[in-house]
Amino acid sequence: MTVEARKIRLLMALRRNGVTDTRVLAAIERIPRERFVPEPFQDQAWEDTALPIDLGQTISQPLIVALMTQALELGERQTVLEIGTGSGYQAAVLSRLCRRVYTVERLRPLLTEAEARFQALRLNNITTRHGDGTKGWPEQAPFERILVTAAGGPDAPKDLTDQLAVGGVMVIPLGDDYRGQRVVRIRRTETGLTREDLWPVRFVPLLSDPPSPPGTE
């Protein structure tokens, strides 16, 4: 099966599973997922499955990427804060839908690889930072949209909700343990925060404090 045929099959599967936003589907179609997948898994790049990347992390299943992106209700003039750059795939999809993406990753090798991919694909509206994603990016706040691609505990980190603009939307996996995670949509109103549970997921945990470089501990 050709790459184009695999891509069409994936897009049809996304539609069947609730991805109705045509802008999101177009972004998924335009971003070459094979550029974000390690060489041994190239033949699975357009399958609807999560795949391993370096340092024990994963590139998320396309359906989860699409559904979480759709849940953001993203406008083309908005700015997005993404927590957990990983391979860079989710940020790349977001970059096709908004004005600017700010993305934070705690693992420097992953961020370096993602930055090279952004440059190669000429995704010039993505700004990166190596650091503790739980603290957000206060210098650029408030954000109209925040997407977290790692699982928090029962509640979203306060530093992140504090950086959400009035009228803004955050999408984040939350749960006490790996088996009880759910994607949650949080909205900031004039009077506070509202929370809406969406669907069950399994994400790696959201960790604070970037690991120390070798030899510095």
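As named in an unreviewed UniProt entry, the protein chain is Protein-L-isoaspartate O-methyltransferase, taken from Azospirillum brasilense. For the record of the protein chain, the UniProt heading Function (unreviewed entry) holds the text "Catalyzes the methyl esterification of L-isoaspartyl residues in peptides and proteins that result from spontaneous decomposition of normal L-aspartyl and L-asparaginyl residues. It plays a role in the repair and/or degradation of damaged proteins." As stated in UniProt under Catalytic activity (unreviewed entry), the record for the protein chain gives "[protein]-L-isoaspartate + S-adenosyl-L-methionine = [protein]-L-isoaspartate alpha-methyl ester + S-adenosyl-L-homocysteine".

Asker: Go over the overall build of the protein chain, please, and point to the residues and values.
Answerer: On a plain count of helices and strands, the protein chain comes out with 6 helices and 9 strands. Its C-alpha atoms give the protein chain a radius of gyration of 16 Å, near enough to 17 Å, the size a compact globule of 217 residues would have. Oriented by its inertia axes, the alpha-carbon framework of the protein chain measures out at about 50 × 45 × 35 Å. Taken over 217 residues, the protein chain has a buried fraction of 49%. Of the charged side chains in the protein chain, 28 are positive and 28 negative, and the gap between their average positions amounts to 4 Å.

Asker: Before we move on, could you go through the layout of surface pockets and cite the residues and values that matter?
Answerer: Reported here for the largest pocket is a volume of approximately 610 Å³. In terms of lining residues, the largest pocket is bounded by 35 residues, among which Thr-58, Thr-149, Ala-150, Phe-203 and Val-204 are the most central. Sorting the residues of the lining of the largest pocket by element identifies strand S2 (58-59), helix H3 (62-71), strand S3 (79-83), helix H4 (89-95) and strand S4 (100-105) as the ones contributing at least two each. With 3 residues, H3 is the single largest residue contributor to the lining of the largest pocket.

Asker: Report on the side chain of Thr-79, specifying residues and quantitative values.
Answerer: Within the secondary structure, Thr-79 sits in strand S3. Other than its neighbours up to four places away in sequence, Thr-79 contacts Arg-99, Arg-100, Phe-143, Glu-144 and Arg-145.

Asker: Run through the sheet that holds strand S6 (residues 143-148), naming residues and quoting values.
Answerer: Spatially, the 7 strands line up as an open sheet ordered S5-S4-S3-S6-S7-S8-S9, and their pairing is mixed. If you trace the sheet from one side to the other, it starts and ends with strand S5 (126-130) and strand S9 (192-200), each paired once. Averaged over all pairs of adjacent strands, the angle between their axes in this sheet comes to 15°, without regard to strand direction. Sheet topology note: the S3/S6 ladder contains 4 bridges and is parallel.

Asker: An account of the confidence of the model for the protein chain is requested, with residue identities and associated values reported.
Answerer: Looking at the protein chain, pLDDT values average 92 and 95% of them are 70 or higher. Element-level pLDDT for the protein chain is lowest in S2, with a mean of 91, against a maximum mean of 98 in H4.

Asker: How would you sum up the pairing of S4? Please name residues and give values.
Answerer: The element S4 is extensively covered by neighbouring structure, given that 5 of its 6 residues are classed as buried. Sheet analysis places S3 next to S4, joined by 5 bridges and oriented parallel. Counterpart to Leu-81 in the pairing with S4 is Tyr-102. Note on the crossover from S3 through H4 to S4: the handedness is right-handed. With 5 bridges connecting them, S4 and S5 associate as parallel partners. Opposite Val-101, over in S5, you have Ile-126 as the bridge partner. Between S4 and its parallel partner S5, the chain crosses via helix H5 (residues 108-120), and the hand of that crossover is right-handed.

Asker: With reference to specific residues and values, describe unusual backbone geometry.
Answerer: Here the amide bond leading from Ala-141 into Pro-142 is cis, since omega sits at 5°, within 30 degrees of zero. Tracing the backbone through its elements, the reader meets Pro-142 in the loop between S5 and S6. A positive phi angle, near 60°, is found at Arg-122, a position not held by glycine. Within the secondary structure layout, Arg-122 lies in the loop between H5 and S5. We classify Arg-122 as exposed; its relative accessible area is 69%.

Asker: Lay out helix H2 (residues 22-30) with the relevant residues and their values.
Answerer: Residues of H2 that are buried: Val-24, Leu-25, Ala-27 and Ile-28. Across the axial projection of H2, the buried residues extend over an arc of 160°, all falling on one side. Exposed and facing more than 90 degrees away from the buried side of H2 are Thr-22 and Arg-30. Close packing links the buried residues of H2 with helix H1 (3-16), H3 and H4. Where H2 starts, the residue carrying a side-chain oxygen 2.9 Å from the main-chain nitrogen of Arg-23 turns out to be Asp-21.

Rules of the game
Residues numbered from 1 in each chain as written. Predicted model: local features only at pLDDT ≥ 70, side-chain atom pairs only at ≥ 80, totals over all residues. Heavy atoms only, no water. UniProt positions renumbered as here; feature names shortened; annotations may be inferred. Helix = DSSP H or I, 4+ residues; strand = E, 2+ residues; numbered from the N terminus. Rg over C-alpha atoms; globule rule 2.2 N^0.38 Å. Buried < 20%, exposed > 50% of the residue type's maximum accessible area, 1.4 Å probe, protein only. Lys, Arg positive; Asp, Glu negative; His and termini not counted. Charge placed at Lys NZ, Arg CZ, Asp CG, Glu CD. 1 Å grid on protein atoms, 1.4 Å probe; cavity = no way out; pocket = protein on both sides within 12 Å on 5 of 7 lines; lining within 4 Å. Points joined across faces, edges and corners; volume = space filled by probe spheres on them. Contact = heavy atoms within 4.5 Å. Pairing = 2+ DSSP bridges. Axes fitted to C-alpha atoms, helices over the stretch in contact; angles between N-to-C directions. pLDDT = per-residue confidence, 0-100. Right-handed = clockwise from strand over helix to strand, strands pointing away. Arc of directions from axis to C-beta. Polar contact = N/O pair within 3.5 Å; in protein donor to acceptor, adjacent residues only side chain to side chain.

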